[in-house]
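Chains, contacts and geometry: an overview
One letter stands for each residue in the lines below.
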Amino acid sequence: MGGDDHARQVYGPGGLFSYIAPDKRVPANHPLRKVRGLVGDVLSDLNRSLGRLYASEGRPLIPPEQLLSALLLQVFYGIRSERQLMEQLDYNLLYRWFVGLSPDDPVWDPTTFTKNRERLQNGHVFTKFMTRLLNHSQVRSLLSDEHFSVDGTLIEAWASQKSFRPKDGSGDDDDGANFHGQKRKNDTHASTSDPDSRLYRKAAGREAKLCYMGHATMENRHGLAVAGRVTHANGTAERRASETMLRARREAAGRRITAGEVKAYDTADHVPNLRAIGVTPHVTQNQAVTKTGKTRTSAIDERATRHPGYGMSQSRRAMVECIFGWGKQHGTMRKTKHRGIARVAADFLLNLIAYNLIRIPKLLAA
């Protein structure tokens, strides 16, 4: 008996045709059903913007609606690369249904997919998608327009320590393999793989890594992300990003807002800056003992701490860690596979959008 005959006996001949639509194969209670409905509503609102984006060259090989849906799938399931995404999209009927491909539609070449992704990124479509999602008729009522929290996290760059070489071209001839004992600083060194990344550690005693810094603004009612940005990693990036994002929230609200932040934001310049732009700082007081034995003076005084809202903001503020935790555990935020601050920022925003899409159906059903 030949191998093919044996395989047919064991596994069956298989059918050449299927008359079951992909929609019928997805369970009625599958969580992606409600997510797909939200995505469809947002993409319908974005149709005009997407049309203008491709007006000069005509519709692309990959429809932008399907491209965005595929990118969201990549974050939902933590798929490492576009190549792996295309591989799984080829045989996974759930993914095909979510994106809008029939079982017989061919999948796209990974290089073409990457090129079209950059077109959406350059057209700020991810930012527009986030805005439309937050303004959705079912979502708007879930958001607070007065109380927010801000925090930052490190995103490990797609670059090795060996690539962090002197900018003047000097150094050993071992291709950067032996850097022990050398003084390496961002002023004098840069990564040859990803020049936008920076060597940074967020806390004493931690390993310094080549990374970026992601910043998120969360509304305090249900803990949904309402804004995000990526900057170079340095000691002042968190505070400057916070001021930029909160100024935009303050202008959108048209009234004074509150902002909960950790003690790293408790500095003599940041707290007054927030008050100056109409933001009440609900920042954790930093009264730690310094190396010299002195107790640090907090910039937060009784003007903030005497109000009950201060304690409430401190309690709600911890929810922003859920956003970062989800992005690093389930999404693609822990170690980026992109190079350059623009690409990393786009992927970071996609993680925030994906987190909201996972949370919103649960909040609506509660």
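Heads up: the structure comes first, above all this text.
Numbers given to residues run from 1 along each chain, matching the order in which its sequence is written. In view of the model being predicted, local features appear only for residues whose pLDDT reaches at least 70, and side-chain atom pairs are presented and counted only at 80 or more, with totals across whole chains, interfaces and linings using the full set of residues. Only hydrogens and water are set aside; all other atoms, that is, all heavy atoms of the structure, feed into the side-chain values.

**Here's the deal with the environment of alanine 276**
With respect to the element layout, alanine 276 can be found in helix α11 (residues 270-276). Between the C-alpha atom of alanine 276 and that of arginine 247, which follows or precedes it by 29 residues, the distance is 9.9 Å. Helix and strand definitions follow DSSP, with helices as H or I runs of at least four residues and strands as E runs of at least two, each counted in order from the N terminus.

**Considerations on the packing of helix α6 (residues 82-91) against helix α8 (residues 110-122)**
Here an axis means a line fitted to C-alpha atoms, over the contact stretch when the element is a helix, while the angle between two N-to-C directions is reported on a 0 to 180 degree scale. Axis separation between α6 and α8 bottoms out at 9 Å; the angle between their running directions is 115°. In terms of crossing hand, the pair formed by α6 and α8 is right-handed. Across the interface between the two elements, Glu82, Arg83, Leu85 and Met86 of α6 pack against Pro110, Phe113, Thr114 and Arg117 of α8. Under this grouping Gly is polar, as are all residues other than the nonpolar Ala, Val, Leu, Ile, Met, Phe, Trp, Tyr, Cys and Pro and the charged Asp, Glu, Lys and Arg. Of the residues assigned to the contact of α6 with α8, the class counts are four nonpolar, one polar and three charged. Note on convention: the crossing is left-handed when the near helix lies turned anticlockwise from the far helix by less than a right angle, right-handed when the turn is clockwise. We call two residues in contact whenever any of their non-hydrogen atoms come within 4.5 Å of each other.

**Side note on empty space enclosed by the protein**
Cavity: a set of points on a 1 Å grid over the protein atoms alone where a 1.4 Å probe fits but cannot get out. Pocket: an open set with protein on both sides within 12 Å along at least five of seven lines, its lining residues, like those of a cavity, having an atom within 4 Å of a point. Grid points are joined across faces, edges and corners, and a volume is the space filled by probe spheres set on the points. In total, this model carries one cavity of 30 Å³ or more according to the counting rule given. Considered as a void within the structure, the largest cavity measures approximately 30 Å³ in volume. Looking at the lining of the largest cavity element by element, the count peaks at four residues for helix α15 (residues 341-365). For the lining of the largest cavity, a count of residues per class yields four nonpolar, three polar and one charged.

**Observations regarding the layout of surface pockets**
By volume, the largest pocket is sized at about 810 Å³. Lining the largest pocket are 29 residues, with Thr127, Thr131, Val226, Ala227 and Arg249 positioned closest to its centre. Listed by contribution, the elements that provide at least two residues to the lining of the largest pocket are α8, α9 (125-134), β6 (225-232), α10 (237-253) and α15. A per-class count over the lining of the largest pocket returns 16 nonpolar, nine polar and four charged. Considered as a void within the structure, the second largest pocket measures approximately 380 Å³ in volume. Lining the second largest pocket are 13 residues, with Leu154, Lys202, Arg206, Lys209 and Lys328 sitting closest to its centre. Those elements that provide at least two residues to the lining of the second largest pocket are β1 (147-156) and β5 (209-219). Taken together, the residues of the lining of the second largest pocket sort by class into five nonpolar, one polar and seven charged.

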